[in-house]
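# Chain and residue survey
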Amino acid sequence: MKAASTMAKTKANTGTHGPAPRAWQRMLSGRRLDLLDPSPLDIEIEDIAHGLARVARWNGQTHGDHIFSVAQHTLLTEEIARHRNGGSDRRLGLALLLHDAPEYVIGDMISPFKVVIGGAYKAVEHRLLEAIHLRFGLPRDLPAAVVATIKVADRGAAFLEATQLAGFSTAEARRFFGARPVLPATLERDYMTPWPAPVAERRYLERFARVFSGESQPRA
């Protein structure tokens, strides 16, 4: 009892109650990303690609031998937007490829759970996305037209994933995600076949490099 009392007094006098909780994540690149105050200098596209290729959409509740990753979803979203708009400029292409980039740190939380936990998730996500945008030369907050384009393409990707991989009926998907997007059949088959993580990572990095360098070509 005396030892416990002495320890309690020592903690009270020094203001210490054990080590401070860790609010940063160490990346494979060696960067240490602070979730409370993320710095663009600690963000690397290789870390983003590696993480997104290993984060499952739909909480992993999808058909196939592999998870359907956020990296694959991101590339599908960009593909849908380019076909819908007849191409995309560099800024829009980067915004599309980075629209879910915070999930390389915080994971892909399904929409129903976001509703349950409220605004805390959105605040962390927004801080991370701002830092990611700054790292790759985008404005902190995107123009409304760009946000609208991303949202339509994102919902279109969700429609395809929901109906072909996650067990939704067409009527359910239409109610939650809107209209079915139009893609060439060969592209749709490719994107609706979940890729192994290394393939998703490589394809994400290859596409990002093309868009970042300005080599992205318009779609007919």
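First, a word on scope: everything that follows refers to the structure included in this document. (Residues numbered from 1 in each chain as written. Predicted model: local features only at pLDDT ≥ 70, side-chain atom pairs only at ≥ 80, totals over all residues. Heavy atoms only, no water.)

## Description of unusual backbone geometry
Although it is not a glycine, Trp-58 sits at a positive phi angle of roughly 60 degrees. In the Ramachandran plot, Asn-59 falls in the positive-phi region, its phi being about 55 degrees despite a non-glycine side chain. Secondary-structure assignment places Asn-59 in the loop between α2 (45-52) and α3 (70-85). (Helix = DSSP H or I, 4+ residues; strand = E, 2+ residues; numbered from the N terminus.)

## Focus on the environment of Leu-35
You can see Leu-35 is positioned in the loop between β2 (32-34) and α2. Sequence separation between Leu-35 and Leu-128 is 93 residues, and the spatial gap between their C-alpha atoms is 7.2 Å. Beyond its immediate sequence surroundings of up to four residues, Leu-35 is in contact with Ala-23, Trp-24, Gln-25, Val-105, Ile-106 and Arg-127. (Contact = heavy atoms within 4.5 Å.)

## Things to note about the packing of helix α4 (residues 90-97) against helix α8 (residues 144-164)
Two numbers describe how α4 lies on α8: the axes approach to 10 Å, and their chain directions differ by 50 degrees. Comparing their axes, α8 and α4 come out oblique. Crossing of α4 over α8 shows right-handed handedness. Seen from α4, the contacting residues are Arg-91, Leu-92, Ala-95 and Leu-96; seen from α8, they are Val-146, Thr-149 and Ile-150. Tallied by class, the residues present in the contact of α4 with α8 amount to five nonpolar, one polar and one charged. (Axes fitted to C-alpha atoms, helices over the stretch in contact; angles between N-to-C directions. Parallel < 35°, antiparallel > 145°, perpendicular 65-115°, else oblique. Left-handed = near helix turned anticlockwise from the far one by under 90°. Nonpolar A, V, L, I, M, F, W, Y, C, P; charged D, E, K, R; others polar.)

## Focus on the packing of aromatic side chains
For the structure shown, the criterion picks out 10 aromatic pairs. Note on Trp-58 and Phe-177: the rings are 5.9 Å apart at their centroids and 85 degrees apart in plane angle, and the pair reads as edge-to-face. Placement of Trp-58 in the loop between α2 and α3 and of Phe-177 in helix α9 (residues 170-177) is noted, with a sequence separation of 119 residues between them. Given a relative accessible area of 17%, Trp-58 falls into the buried group. Judged by its relative accessible area of 17%, Phe-177 falls in the buried class. Plain terms: the ring middles of Tyr-204 and Phe-208 are 6.5 Å apart, the flat faces sit at 15 degrees to each other, and that makes the pair stacked. Of the two residues, Tyr-204 and Phe-208 are both situated in helix α11 (residues 197-212); the distance of four residues between them amounts to about one turn of the helix. (Phe/Tyr/Trp six-rings, centres within 6.5 Å; stacked < 30°, edge-to-face > 60°. Buried < 20%, exposed > 50% of the residue type's maximum accessible area, 1.4 Å probe, protein only.)

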